[in-house]
Amino acid sequence: MQYRPDADELLDAVADLLERQVIAAVPPHLQHQVRVAANLCRILQREAQLGTTNDDAERHRLAALLGHDGSLLELRAELAARLDDPAPLDAVTDRAVRDALLATVRADLAIAKPGYDATAGTP
Amino acid sequence: MSGGSPDEQPEATALGAFLARTWECDPAGVRVRIAGQSTAGARRRNLVLDVEGGPHPGRYVATVLPTADIAILSMVDEAAVRTLARAHGVPVPEVVAVTDDESIVGGACFVSEFVAGETIPRRVLRLVAEHGVGSRIVTQLGGAFAALHAIDPAEAPAAMAAPAAPVTAALDGVGVAVAGLLRPEPAFSYVLRWLRDHRPAEPAARRIVHADVRTGNVIVDATGLRAILDWETAKVGDPMEDLAWVCTRMWRFGEDHLTVGGLGAVDTLRDAYVAAGGTWDDERFHWWRVLVTMRWGTGLAGQAAMHLDGRFSSVVMAASGRRVAEMAHDALALLDT
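Residues numbered from 1 in each chain as written. Chains lettered and ligands numbered in written order. Predicted model: local features only at pLDDT ≥ 70, side-chain atom pairs only at ≥ 80, totals over all residues. Heavy atoms only, no water.

**Considerations on the packing of helix H5 (residues 166–179) of chain B against helix H6 (residues 186–197) of chain B**
All names here are of chain B.
- Where H5 contacts H6, the two axes come as close as 11 Å, and the packing angle between them is 160°. Between H5 and H6, the angle falls in the class roughly antiparallel. Regarding H5 and H6, the two cross each other, and that crossing is left-handed. Judged by residue contacts, Leu-171, Val-174, Gly-175 and Val-178 of H5 engage Phe-188, Ser-189, Leu-192, Leu-195 and Arg-196 from H6. (Axes fitted to C-alpha atoms, helices over the stretch in contact; angles between N-to-C directions. Helix = DSSP H or I, 4+ residues; strand = E, 2+ residues; numbered from the N terminus. Parallel < 35°, antiparallel > 145°, perpendicular 65-115°, else oblique. Left-handed = near helix turned anticlockwise from the far one by under 90°. Contact = heavy atoms within 4.5 Å.)

**Description of the sheet that holds strand E4 (residues 95–99) of chain B**
Residues and elements named next belong to chain B.
- The five strands lie next to each other as E1-E2-E3-E5-E4, forming an open sheet whose pairing is antiparallel. Two strands close off the open sheet at either side, each with one partner strand: strand E1 (31–38) and E4. Within the sheet, the average angular offset between the axes of one strand and its neighbour, ignoring direction, is 25°.
- In this structure, strand E2 (residues 45–52) lies alongside strand E3 (residues 58–66), joined through seven bridges in antiparallel fashion. Each bridged residue has a counterpart across the sheet, and for Asn-46 the counterpart in E3 is Thr-63.
- The sheet strands contacting helix H1 (residues 9–23) are E1, E2, E3, E4 and strand E5 (107–113), and the helix crosses E4 at an angle near 105°. (Pairing = 2+ DSSP bridges.)

**Let's talk about the packing of helix H4 (residues 91–112) of chain A against helix H11 (residues 324–335) of chain B**
- H11(B) packs onto H4(A) with a crossing angle of 145° between their chain directions and a minimal axis gap of 9 Å. Remark: the crossing between H4(A) and H11(B) carries left-handed chirality. Of the residues in H11(B), those in contact with A:Arg98, A:Leu101, A:Leu102, A:Val105, A:Arg106, A:Asp108 and A:Leu109 of H4(A) are B:Ala325, B:Glu326, B:Ala328, B:His329, B:Leu332 and B:Leu335.
- Each residue belonging to the contact of H4(A) with H11(B) can be placed in one class, and the counts come to eight nonpolar, one polar and four charged. (Nonpolar A, V, L, I, M, F, W, Y, C, P; charged D, E, K, R; others polar.)

**Some words on the packing of aromatic side chains**
Residue and element names in this part refer to chain B.
- This structure, assessed with the given rule, holds eight aromatic pairs over all chains.
- A centroid spacing of 6.3 Å and a plane angle of 75° characterise the contact between Trp-245 and Trp-296, whose relative ring orientation is edge-to-face. With Trp-245 in helix H7 (residues 239–245) and Trp-296 in helix H9 (residues 282–308), this residue pair connects regions lying 51 residues apart in the sequence.
- The exposure class assigned to Trp-245 is buried, which follows from its relative accessible area of 9%. (Phe/Tyr/Trp six-rings, centres within 6.5 Å; stacked < 30°, edge-to-face > 60°. Buried < 20%, exposed > 50% of the residue type's maximum accessible area, 1.4 Å probe, protein only.)

**Notes on the domain arrangement of chain B**
Residues and elements named next belong to chain B.
- The domain architecture assigned to chain B consists of domain 1 (6–113) and domain 2 (121–335).
- Between the C-alpha centres of domain 1 and domain 2 the distance comes to 28 Å.
- Tallying the contact residues gives 17 residues for domain 1 and 20 residues for domain 2.
- Contact between domain 1 and domain 2 buries roughly 1,600 Å² in total, counting both sides, with carbon and sulfur atoms accounting for 71%.
- At the boundary of domain 1 and domain 2, one finds three residue pairs in polar contact (both at pLDDT 80 or more).
- Tallied by class, residues from the side of domain 1 that touches domain 2 come to ten nonpolar, two polar and five charged. (Domains from an automatic or database assignment. Buried area = accessible area lost by both parts, 1.4 Å probe. Polar contact = N/O pair within 3.5 Å; in protein donor to acceptor, adjacent residues only side chain to side chain.)

**Here's the deal with the interface of chain A and chain B**
- Taken residue by residue, the interface counts 40 residues in chain A and 32 residues in chain B.
- In terms of surface lost to chain B, no three residues of chain A exceed A:Arg98, A:Tyr116 and A:Pro123, which account for 25% of the buried area on that side.
- Linking chain A with chain B are four salt bridges.
- Taking the shortest distance from any N to any O, the salt bridge between B:Asp336 and A:Arg95 comes out at 3.2 Å.
- Summed over the shared surface of chain A and chain B, the result is 15 residue pairs in polar contact (both at pLDDT 80 or more).
- Of all elements in the fold, only helix H2 (28–66), helix H3 (72–84) and H4 of chain A reach the threshold of two or more residues within the side of chain A that touches chain B.
- Partitioning the side of chain A that touches chain B into residue classes produces 23 nonpolar, five polar and twelve charged. (Salt bridge = Lys/Arg side-chain N within 4 Å of Asp/Glu carboxyl O.)

Below, the structure written as structure tokens:
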């Protein structure tokens, strides 16, 4: 096991450096990139915390829709292929698929952009 | 913007000679100073020019497409469509000179009148909030769209994209994009399926559309809308695409309660568009909103791919991959509205 700081603490240190010192020290055309890099550190911190749980939950949702288990990538590919097939879905399945996909994008947003799905107004 | 520097003198001289040729006057009499430079548009350079002497002294902007870059619409054709739109009452800075000669300033360019005001989104929204002109701008946008969409598309530059069936072309385009994703994205497959199941008829009349009117591509000041910029995406298509794109969430820059570019309400846009003679169709509008939202999602995925395969390695392009979920969310959520 690695000694501390752990991954989360290291990403925090890198993000702090970028946000507090590097942005002010680089020429203007690099500032946006540094800001984005700092934000990516924050995303990775949340991904380290939530990623495994989110992926498990998504795999369970897909397995329930498709009626069998598999790896997350396999299940995603299978659902995408079913959706690409123009054969109609029944209304119950259609709604269930949409709800499952919305649950997944919300979980993705909890990592990539927390709060994005909670904002008022039309999407 | 950055101030002029001695390095810019050869460009200023070359632009002065170019303007003198256009104006058919003595080049010695036209003096150009580069007063500022902006690369906010990323691909293009915009040089602010102060012109002294000659028949038309004043402040101008030279828009330059770097030689290495591939134009969606050539600068000459873009200048033509700008001039056409302006002649029909769309607020567009007047183009005074255009050339496809890439030797003058390192790329094809046109020179247009300088229009004062803000373009940077957060500054635009701050200014709009201070002066309470958001609804007025949305009304002006509705009028500008109606004026643009009233133009006979036969007048458009011949080289402009003009798919015979714009709905089908757009649907096929997102279909190709979804098929080309680095790995299957069921949310996009679902939305694509919805788009296919709900596709509207082709528009009764194809029209010239700008296809990228949004906060960030307009100049505003305390009095309202001053100009619509960046016409390189103009094409002949379905007018509802323009009205949908300006309502996409990323152009609200956080002002999410104001659907139209963080500026105002859809009702205001619709009323102004109709009052100015436009034909509004709620169903097509909704369909195009879903389509352009998802298309931007596949565009972000494409940026991530360009980073990964080395065509354009950049942390910003890489980060676009983590923004795909935003568009997937918005497209799915739109289906229930």
